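Listed below are the residues making up each chain.
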Amino acid sequence: MGLLCSKNRHYAEADIEENAQAAEIERRIEQETKAEKHIQKLLLLGAGESGKSTIFKQIKLLFQTGFDEAELKSYVSVIDANIYQTIKILYDGSKEFAHNDVNSSKYVLSSENKVIGEKLSEIGSRLDYPRLNRELAEEIGELWKDSAIQETYARGIELQVPDCTHYFMENLQRLSDANYVPTKEDVLYARVRTTGVVEIQFSPVGENKKSGEVYRLFDVGGQRNERRKWIHLFEGVTAVIFCAAINEYDQTLFEDEQKNRMMETKELFDWVLKQPCFEKTSFMLFLNKFDIFEKKVLKVPLNVCEWFKDYQPVSAGKQEIEHAFEFIKKKFEELYFQSTAPDRVDRVFKVYRTTALDQKVVKKTFKLVDETLRRRNLLEAGLL
């Protein structure tokens, strides 16, 4: 009998322990579920080269701990690759123009720089690049200063020369130092094509301690072959941040030189807007790369792009820049409302002028985005 009581007591204690564990698991699940409700899922979309990955890096710098030394050092090889690939594009481009252009003499390099160019073009063709050193940096610098390369650079749009070119070419000496560690600015300029999906979770607590909002931001590759990876991210999205590079109205795609980049952006934005899972999703449109746009639009008319063929310039200088920007903004707004079904018109749509490389602009823009999304949440909860 005593043995039976002992066994019953043992089973009872085991049940109590098991129930306690189950209760603890339930409590944790409930806590995690509550926590998840506070997480706002943001999806960063846009075509390749739209600047969305730079926005992603800015958010990491602004609202997370930024980049530690190991992460900064990991960008050394990326920056070296950017430099070698760019100088190869420029050298090869100058040879092409010297051979085919009517003003071919403008693109003919000095005999010394032809030798340097061949060497650097060969390096730029490799899968692995040597660490940039002072000797290589001096050779790249000499080639960069050659008038034929500068004439080629002026036609960089035709060659898909990256936006970071001038910045890195002007900093070659610093970048080639044996003890070089990239700065935050270097990292922002570094071009590395996003493949797959990357995410960060953050809260802008420094700006807004009362809101308690937590954001999970997803960045995905923008090139056409990466877009099939987007679909599984579309569910449960609070807001889509769509980046459109407004300076690209006269450029073609990296992966399809017959396709205008702005037309590709238009079609992509239209496609995203029509996705059924976004019927209640807020849209934040970042008209990005304004810093490049304001210099270009005074030289290259907007109406070279098919979408903007009805554009009429009104003046010059700053007034013309503003007029051109407002025209593009209106085009995107019209597209939004044309592509939005009548039962979806209550979803939030905001347009922002951005320069992804400008931390102050990104910080101010995201503060506005944060305020918009919090207001939306309060309205849905019936608190406004």
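Definitions and cut-offs
Residues numbered from 1 in each chain as written. Predicted model: local features only at pLDDT ≥ 70, side-chain atom pairs only at ≥ 80, totals over all residues. Heavy atoms only, no water. Helix = DSSP H or I, 4+ residues; strand = E, 2+ residues; numbered from the N terminus. Polar contact = N/O pair within 3.5 Å; in protein donor to acceptor, adjacent residues only side chain to side chain. Contact = heavy atoms within 4.5 Å. Phe/Tyr/Trp six-rings, centres within 6.5 Å; stacked < 30°, edge-to-face > 60°. Buried < 20%, exposed > 50% of the residue type's maximum accessible area, 1.4 Å probe, protein only. Lys NZ or Arg CZ within 6 Å of the ring centre and 35° of its normal. Pairing = 2+ DSSP bridges. Axes fitted to C-alpha atoms, helices over the stretch in contact; angles between N-to-C directions. Right-handed = clockwise from strand over helix to strand, strands pointing away.

**Notes on the side chain of Gln 160**
Line of reasoning, step 1. Tracing the backbone shows Gln 160 in the loop between α8 (156-159) and α9 (165-169).
Line of reasoning, step 2. Separated by 2.5 Å, the side chains of Gln 160 and Arg 261 make a polar contact.
Line of reasoning, step 3. Not counting residues up to four positions away in its chain, the partners in contact with Gln 160 are Ile 89, Thr 252, Leu 253, Phe 254, Glu 257 and Arg 261.

**Let's talk about the environment of Leu 44**
Line of reasoning, step 1. Mapping Leu 44 onto the fold places it in strand β1 (residues 39-46).
Line of reasoning, step 2. Here the alpha-carbon distance between Leu 44 and Gly 221, two residues 177 residues apart in the chain, equals 9.6 Å.
Line of reasoning, step 3. Apart from the residues lying within four places of it in its own chain, the contact partners of Leu 44 are Lys 52, Ile 55, Phe 56, Leu 217, Phe 218, Asp 219, Val 220, Ile 241 and Cys 243.

**Focus on the packing of aromatic side chains**
Aromatic ring pairs are described here by two measures, namely the spacing of the ring centres and the angle between the planes.
Line of reasoning, step 1. Overall, the coordinates contain 27 aromatic pairs when judged by the stated rule.
Line of reasoning, step 2. When the centroid spacing of 4.9 Å and the interplanar angle of 50° are considered together, the rings of Phe 242 and Phe 269 count as tilted. Of this pair, Phe 242 sits in strand β4 (residues 239-245) while Phe 269 sits in helix α12 (residues 261-273), placing them 27 residues apart in sequence.
Line of reasoning, step 3. The buried category is assigned to Phe 242, whose relative accessible area is 0%.
Line of reasoning, step 4. The class of Phe 269 is buried, set by a relative accessible area of 0%.
Line of reasoning, step 5. A connected cluster of aromatic rings, assembled from ring pairs, spans Phe 242, Phe 269, Phe 278, Phe 283, Trp 307, Phe 308, Tyr 311, Phe 327, Phe 332, Tyr 336, Phe 337 and Phe 349.
Line of reasoning, step 6. When the ring centre of Tyr 249 is taken as reference, the NZ or CZ atom of Lys 296 above it lies at 5.7 Å.
Line of reasoning, step 7. In this arrangement the basic side chain of Arg 353 is found over the ring face of Phe 325, its NZ or CZ atom lying 4.3 Å from the centre.

**Digging into the sheet that holds strand β5 (residues 282-288)**
Line of reasoning, step 1. With respect to topology, six strands assemble into an open sheet ordered β2-β3-β1-β4-β5-β6, the strand pairing being mixed. Taken across any chain shown, the strands that pair with only one partner, and hence form the sheet edges, are β2 (197-202) and β6 (349-353). Going across the sheet, the axis of each strand differs from the next one's by a mean of 20°, ignoring polarity.
Line of reasoning, step 2. Relative to β6, β5 runs parallel, the two sharing five bridges. The residue bridging Phe 283 from the neighbouring strand is Phe 349, located in β6.
Line of reasoning, step 3. Strand contacts of α12: β1, β4, β5 and β6, with the helix running at about 170° to β4, the strand carrying the most contacts.
Line of reasoning, step 4. The strands touched by helix α14 (residues 317-338) within the sheet are β4, β5 and β6, with β6 carrying the most contacts at an inclination of about 155°.

**Comments concerning the pairing of β4**
Strand residues, when the strand is regular, have side chains that alternate between the two faces of the sheet.
Line of reasoning, step 1. The buried fraction of β4 is high, at seven of seven residues.
Line of reasoning, step 2. Side chains of β4 alternate between two faces, with Ala 239, Ile 241, Cys 243 and Ala 245 and Val 240, Phe 242 and Ala 244 buried alike.
Line of reasoning, step 3. Two strands pair when backbone bridges link them, and β4 and β5 are joined in this way by seven bridges, in the parallel orientation. In the strand pairing of β5, Cys 243 is matched with Phe 286.
Line of reasoning, step 4. Crossover handedness for the path β4 to α12 to β5: right-handed.

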